Amino acid sequence: MSAVISWIRSVVLAALFFTVWNYQTLQNGVDELWAWLLQQRLFTTVYFETWFTMWCYLWILYIPFKMNKFRYFDKYKIDKTVTFKAPSDPEMVLEMANYAATFGILDTFTVKKYVGVEPDVLVEKQKFWFQTTRALPEYAPSVFQLVYQLILSLVIYDALFFLVHFSLHKNAWLYKHIHAQHHDHSCMHSRVTNQLTLSERIILVLVANQSLKMVYAHPLTRTIFVPVFTAMLIENHSGFDVPISISKIVPFGLLGGSRYHYAHHMQGSTNYQPFFKYFDILLQRSRHKRQ
């Protein structure tokens with residue numbers, strides 16, 4: 001399987017060289033994509049990011065449940081004794097309705113401020129308390145901006161949420177009233193990803209949104225961020241440790257992955273970072289020094 005990982009990494013590396021070699025061609029493609037998106041009514045509505053997040057979550061969520069139907073994937077289960085049961089349609093409708101109600105209200109009464117939008121356009125939007133469309137920039141980002149904004153926003157989110165997550169575990173009141181629901185499960189499965197109190201769900205989205213704002217992310221970067229971010233969260237809670245997962249493809253053991261996060265859910269006193277591991281390593285070293 002290591003040969004497969006090496007092959008995938010080689011493909012990614014080749015894609016990077018292709019990007020550099022054909023930069024202008026790719027940039028023209030990004031420009032055309034952005035021009036097309038600006039013409040789509042769904043994309044310009046204030047509810048697009050909420051809808052797109054739900055859509056990505058539903059599609060990616062079912063991958064581990066589909067894997068459970070094939071015995072071939074049993075060897076990749078972290079807990080070999082577990083049989084995952086896919087949620088019913090009414091359960092998912094209720095879960096998505098709760099999510100949509102929360103963020104749909106915020107979308108309706110919030111003026112979304114994106115990089116590249118003229119200030120006078122935002123001032124005009126603020127005259128109306130009820131929002132239906134987003135003020136979007138006229139021009140697409142560069143390919144370079146897309147890549148670095150995406151990577152850096154994930155790194156920043158990981159650091160910020162580590163601080164939040166660590167605090168939720170170390171404060172008994174916060175844990176009981178905000179975070180305990182996320183750990184209340186008989187086995188690890190992908191739906192645990194969104195098994196959150198209303199407070200924690202809002203915190204998670206606000207931290208992700210702040211991470212994107214800190215890198216001045218273009219709306220197209222934000223759109224790409226959603227499926228990548230959702231896939232990484234669901235992988236962490238999937239209950240499977242697949243050898244060609246994102247955490248395995250990224251070299252040098254930088255990402256924790258599903259087994260790493262599984263240990264957090266089982267023990268609760270370690271592995272607080274959602275994606276990376278460096279803060280957790282520093283925390284463990286600090287503990288060892290004090291002992």
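This text follows the structure it describes.
Residues numbered from 1 in each chain as written. Predicted model: local features only at pLDDT ≥ 70, side-chain atom pairs only at ≥ 80, totals over all residues. Heavy atoms only, no water.

### Considerations on the overall build of the chain
Counting its secondary structure elements, the chain contains 13 helices and 0 strands. The N-to-C order of helical and strand elements in the chain reads α-α-α-α-α-α-α-α-α-α-α-α-α. In terms of overall size, the chain behaves like a compact globule, its C-alpha atoms giving a radius of gyration of 20 Å where 291 residues would be expected to give roughly 19 Å. Overall, the C-alpha framework of the chain stretches about 55 × 50 × 45 Å when taken along its three principal axes. Residues classed as buried in the chain amount to 46% of the 291 residues present. In the chain, 67% of the contacts between residues at least 6 apart in sequence involve partners at least 24 apart. Accessible surface computed for the chain: about 16,600 Å², of which carbon and sulfur atoms make up 66%. For the chain, the separation between the mean place of its 27 positive charges and that of its 19 negative charges on side chains is 9 Å. (Helix = DSSP H or I, 4+ residues; strand = E, 2+ residues; numbered from the N terminus. Rg over C-alpha atoms; globule rule 2.2 N^0.38 Å. Buried < 20%, exposed > 50% of the residue type's maximum accessible area, 1.4 Å probe, protein only. Contact = heavy atoms within 4.5 Å. Areas by Shrake-Rupley, 256 points an atom, 1.4 Å probe, with all protein chains shown as cover. Lys, Arg positive; Asp, Glu negative; His and termini not counted. Charge placed at Lys NZ, Arg CZ, Asp CG, Glu CD.)

### Examining the packing of aromatic side chains
Enumeration according to the criterion identifies 28 aromatic pairs in this entry. Measuring from centroid to centroid gives 5.5 Å for Trp34 and Phe43, while their planes differ by 85°, and the two rings are edge-to-face. The pair formed by Trp34 and Phe43 is uniform in burial state, with each residue classed as buried. Here the aromatic rings of Phe162 and Phe279 are separated by 4.9 Å at their centres, their planes lie at 15°, and the arrangement is stacked. Remark: Phe279 occurs in helix α13 (residues 278–290) and Phe162 occurs in helix α7 (residues 143–170); sequence separation between them is 117 residues. An aromatic cluster is defined as three or more aromatic residues linked by ring pairs; in this entry it consists of Trp34, Phe43, Phe48, Trp51, Phe52, Trp55 and Trp59. The ring centre of Phe43 lies 4.7 Å from the NZ or CZ of Arg134, which sits over that ring. (Phe/Tyr/Trp six-rings, centres within 6.5 Å; stacked < 30°, edge-to-face > 60°. Lys NZ or Arg CZ within 6 Å of the ring centre and 35° of its normal.)

### Regarding the nonpolar core
Leu154, Tyr157, Leu204, Phe225, Phe229 and Phe275 are the most contacted members of the largest nonpolar core, which has 19 residues in total. Breaking this core down by element, the ones donating at least two residues are α7, α9 (198–214) and α10 (219–237). Looking at this core, the element that brings in the most residues is α7, giving 5 residues. Contact partners of Leu154, with chain neighbours within four places excluded, come to Phe225, Val228, Phe229, Met232, Phe275 and Phe276. (Core = buried A, V, L, I, M, F, W, Y, C linked by side-chain atoms within 4.5 Å.)

### Topic: the side chain of Asp107
By the element assignment, Asp107 lies in helix α5 (residues 89–108). Side-chain polar atoms of Asp107 contact the side chain of Lys112, separated by 2.9 Å. Setting aside residues no more than four positions away along its own chain, Asp107 makes contact with Val46, Tyr47, Thr50, Lys112 and Gln131. (Polar contact = N/O pair within 3.5 Å; in protein donor to acceptor, adjacent residues only side chain to side chain.)

### Quick look at unusual backbone geometry
Even without being a glycine, Tyr216 presents a positive backbone phi close to 55°. Within the secondary structure, Tyr216 sits in the loop between α9 and α10. With relative accessibility at 61%, the residue Tyr216 sits in the exposed group. Here the phi dihedral of Asn271 falls at roughly 55°; this positive angle occurs in a residue that is not glycine. Checked against the element boundaries, Asn271 lands in the loop between α12 (257–267) and α13.

### Description of α12
Within α12, 8 of the 11 residues are buried, which leaves the element mostly enclosed by the surrounding structure. For α12, the set of buried residues is Gly257, Ser258, Tyr260, His261, Tyr262, Ala263, His264 and His265. In this structure, the buried residues of α12 make contact with α7, α8 (172–179), α10, α11 (246–249) and α13.

### Some details on the packing of α7 against α8
Look at α7 against α8: their axes get within 5 Å of each other, and the N-to-C directions meet at 105°. Taken together, the axis directions place α7 and α8 in an arrangement best described as roughly perpendicular. Here α7 contributes His165, Ser167, Leu168, His169 and Lys170 to the contact with α8, which in turn contributes Ala172, Leu174, Tyr175, Ile178 and His179. Residue composition of the contact of α7 with α8, grouped by class: 5 nonpolar, 4 polar and 1 charged. (Axes fitted to C-alpha atoms, helices over the stretch in contact; angles between N-to-C directions. Parallel < 35°, antiparallel > 145°, perpendicular 65-115°, else oblique. Nonpolar A, V, L, I, M, F, W, Y, C, P; charged D, E, K, R; others polar.)

### So, the environment of Ile60
With respect to the helices, strands and loops of the structure, Ile60 is situated in helix α4 (residues 48–67). For Ile60, a relative accessible area of 18% translates into the label buried. For the pair Ile60 and Thr230, spaced 170 residues apart in sequence, the C-alpha separation works out to 7.8 Å.

### Things to note about a nonpolar patch on the surface
A surface patch of nonpolar side chains, amounting to about 580 Å² of accessible area, comprises Tyr47, Ile105, Phe109, Trp129 and Phe130. Inspection of the secondary structure puts Tyr47 in the loop between α3 (41–44) and α4. Residue classification places Tyr47 among the partly exposed residues on the basis of a relative accessible area of 31%. (Patch = residues over 30% accessible without salt bridge, like charges linked within 9 Å, V, L, I, M, F, W, Y side chains within 5 Å. Salt bridge = Lys/Arg side-chain N within 4 Å of Asp/Glu carboxyl O.)

These values are about where atoms sit, not about what they do.
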